[in-house]
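Chains, contacts and geometry: an overview
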Amino acid sequence: MTTLLGLKCHLCGASYPAEALWVCRECLGPLETVYDYARVREQLTRAVVESRPRNLWRYRELLPIAGEPRTGFHSGFTPLVRARRLAARLGVEELYIKDDSVNHPTLSYKDRVVSVAATRAVELGFDVFGCASTGNLANSVSAHAARLGLECFVFIPHDLELGKILGSAVFNPHVVGVRGTYDDVNRLCTQIADRLGWGFANINLRSYYAEGAKTMGFEIAEQLGWRFPRHIVSPVAGGTLLPRIARGLRELKEVGLVDGDLPRIHAAQAAGCAPVVRALDDGVEFPEPVKPSTIAKSIAIGNPADGFQVVRTVRSSGGTGVASSDDEILDAIQLLAETEGIFTEPAGGATLAGAMSLIRRGVIAPEDSVVVCITGNGYKTAAETVGTRLEKPTVIGRSLDEFEGYLRTTGLAEGVASVARS
Ligand SMILES: *Cc1c(COP(=O)(O)O)cnc(C)c1O
Ligand SMILES: [Zn+2]
């Protein structure tokens, strides 16, 4: 029995049926899904959640589908990693990485939102599924469309990293590179959705798409043993993820699954594209659009669709905004890899760099628990990021002599030799 009641305007409260609508006809506000929480409370106990497969659908009563899930059976429920070595380096006691760099099947948080949007696209009868993307969303839409046998069009800025472009093309969708910024791509896609009636994950299916992001919040609480951390640091691009993590946590309280104080949620952006952080710093409600210039292309959205929701959520949670330079982002990518064995892309670097600033500023105290949301995988952008910094491998001849010669240059020769003798 579905728990989805319909859609409601986030601003004026007007009600709509659960169709492919995303803006309010009265006030142009964003539309959000409405659930029958009393019914969810009856159906969704901790035991029920824990008995289900380890994917994002274990919270299906709080997701906006009418029938059965169609895709995403291995998406979500990514590791929550207790990061002890990194914590020691940063001087905090309880640090966790929510690791969506290994989300299935396309290695970013987007597999959550697309699982829901694609299922809804099928339910609503769309034949063509697409998106406007900074790369990861296009990868995910392409993969899920392939599994579902849907015709697929993905639109991206023409100058994305090669790994992101190939990571869509391999699934054989129509990949359209647009000469312009993400914001230009998004504007074009809004016109196409309107003219051709196609289903765009993050445009006319956005009300459903956004709900998939709540599962990151659900999982953080469940994986901490059904409790909330003191702080969460989330990246912000279009502004889908951060407010939905908060919404997910509020819903867990609402339906009686978790008690306690909600966390402070902090917004991390790259200094080269930080409209939300600037709005938070300046005390304004609606972020002023900016022109992006950063290596963090996956979060380079100058005019975030849900920017005001991010600002409101961060403020009301007692959080702050934090922006990091491209160098700080690269340093954070390397630090996470060297201390925890997790390789993230610049979005993750920006988020960890942001968390590090907040710790230095004392916003996050040493004894506070903190979850850092790592949303994308470093292998896709390796050449364009750490590729410019790391040393090439040492090349030697095939003899043991050559290797021993090399070993002496590392300064490890003595120690290693004594291990071999003992
Ligand atoms: C899309 C994306 C985000 C966040 O985007 P929102 O639009 O704010 O939800 C963060 N990190 C990565 C790697 C992404 O691809
Ligand atoms: Zn409205």
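Residues numbered from 1 in each chain as written. Chains lettered and ligands numbered in written order. Predicted model: local features only at pLDDT ≥ 70, side-chain atom pairs only at ≥ 80, totals over all residues. Heavy atoms only, no water.

With that out of the way, let us pick up the overall build of the protein. In terms of helices and strands, the protein carries 16 helices and 13 strands. Taken over C-alpha atoms, the radius of gyration comes to 22 Å for the protein, in line with the 22 Å a tight globule of 422 residues would show. Dimensions of the protein, computed from the C-alpha atoms along their principal axes, are close to 75 × 45 × 45 Å. For the protein, the proportion of its 422 residues judged to be buried stands at 57%. In the structure as shown, the protein presents an accessible area of about 18000 Å², 50% of it carried by carbon and sulfur atoms. With 45 positive and 48 negative side-chain charges, the protein shows a separation of 2 Å between the mean positions of the two kinds. (Helix = DSSP H or I, 4+ residues; strand = E, 2+ residues; numbered from the N terminus. Rg over C-alpha atoms; globule rule 2.2 N^0.38 Å. Buried < 20%, exposed > 50% of the residue type's maximum accessible area, 1.4 Å probe, protein only. Areas by Shrake-Rupley, 256 points an atom, 1.4 Å probe, with all protein chains shown as cover. Lys, Arg positive; Asp, Glu negative; His and termini not counted. Charge placed at Lys NZ, Arg CZ, Asp CG, Glu CD.)

Taken together, 16 residues sit near ligand 1, with Y109, K110, A237, G238 and T375 positioned nearest. G238 is positioned with one of its backbone polar atoms (N or O) 2.8 Å from an oxygen atom of ligand 1. Look at ligand 1: alone it shows 380 Å² of surface, and the protein chains cover 97% of it. When atom positions are compared with the pocket grids, ligand 1 is found to occupy the largest pocket. (Near = heavy atom within 4 Å. Polar contact = N/O pair within 3.5 Å; in protein donor to acceptor, adjacent residues only side chain to side chain. 1 Å grid on protein atoms, 1.4 Å probe; cavity = no way out; pocket = protein on both sides within 12 Å on 5 of 7 lines; lining within 4 Å. Sits in = over half its atoms within 2 Å of the grid points.)

Strand order in the open sheet made by the six strands is 4-5-13-10-11-12, with mixed pairing throughout. Looking along the sheet, the strands with just one partner apiece sit at the ends: strand 4 (80–82) and strand 12 (321–324). Shown here is a sheet whose adjacent strand axes are inclined to one another by a mean of 25 degrees, direction ignored. Across the sheet, helix 9 (residues 214–223) lies against strand 4, strand 5 (94–99), strand 10 (231–235) and strand 13 (369–374), angled at about 135 degrees from strand 5, the strand it touches most. (Pairing = 2+ DSSP bridges. Axes fitted to C-alpha atoms, helices over the stretch in contact; angles between N-to-C directions. Contact = heavy atoms within 4.5 Å.)

Before going further, it helps to examine the state of the cysteines. Among covalent bonds in proteins, the disulfide is the one between the sulfur atoms of two cysteines. Counting across every chain of the model gives zero disulfides. You can see C273 has no disulfide; the closest cysteine sulfur is in C189, sitting 18 Å from it. (Disulfide = S-S within 2.5 Å.)

Looking at the element boundaries, D401 is found in helix 15 (residues 400–410). The exposure class of D401 is exposed, given its relative accessible area of 61%. As for D401 and N136, which are separated by 265 residues in sequence, their C-alpha atoms are 46 Å apart.

Here we come to a nonpolar patch on the surface. Among the surface-exposed residues, I396, L400 and F403 lie close enough to one another that they form a single nonpolar patch of about 280 Å² accessible area. For I396, the location among the structural elements is in the loop between strand 13 and helix 15. On the basis of relative accessibility, which here comes to 36%, the residue I396 falls in the partly exposed class. (Patch = residues over 30% accessible without salt bridge, like charges linked within 9 Å, V, L, I, M, F, W, Y side chains within 5 Å. Salt bridge = Lys/Arg side-chain N within 4 Å of Asp/Glu carboxyl O.)

Turning next to the coordination of the zinc ion (ligand 2). At 2.3 to 2.4 Å from the zinc ion (ligand 2) lie its protein donor atoms, namely C9 (SG), C12 (SG), C24 (SG) and C27 (SG). The coordination sphere of the zinc ion (ligand 2) comprises four donor atoms, whose angles at the metal cover 99 to 117 degrees; the geometry is tetrahedral. Judged by its relative accessible area of 2%, C9 falls in the buried class. By relative accessible area, which is 43% here, C12 ends up partly exposed. (Donors = N, O, S within 2.8 Å, 3.2 Å for Na, K, Ca; no water. Tetrahedral: all angles 85-135°; square planar, octahedral: opposite > 155°, others 65-115°.)

Any two side chains of opposite charge can pair, so long as their charged atoms come close to each other. Applying the stated rule across the entire model yields 18 salt bridges. The partner of K214 in a salt bridge is E211, with the nearest N and O atoms 2.6 Å apart. For the pair formed by K214 and E211, the shared burial category is buried. R247 is paired through a salt bridge with E211; the nearest N and O atoms lie 2.6 Å apart. Separated by 36 residues along the polypeptide, R247 in helix 10 (residues 241–254) and E211 in helix 8 (residues 206–212) bring together distant segments of the chain. One salt-bridge network, in which partners are shared between bridges, spans K98, D100, R112 and E219.

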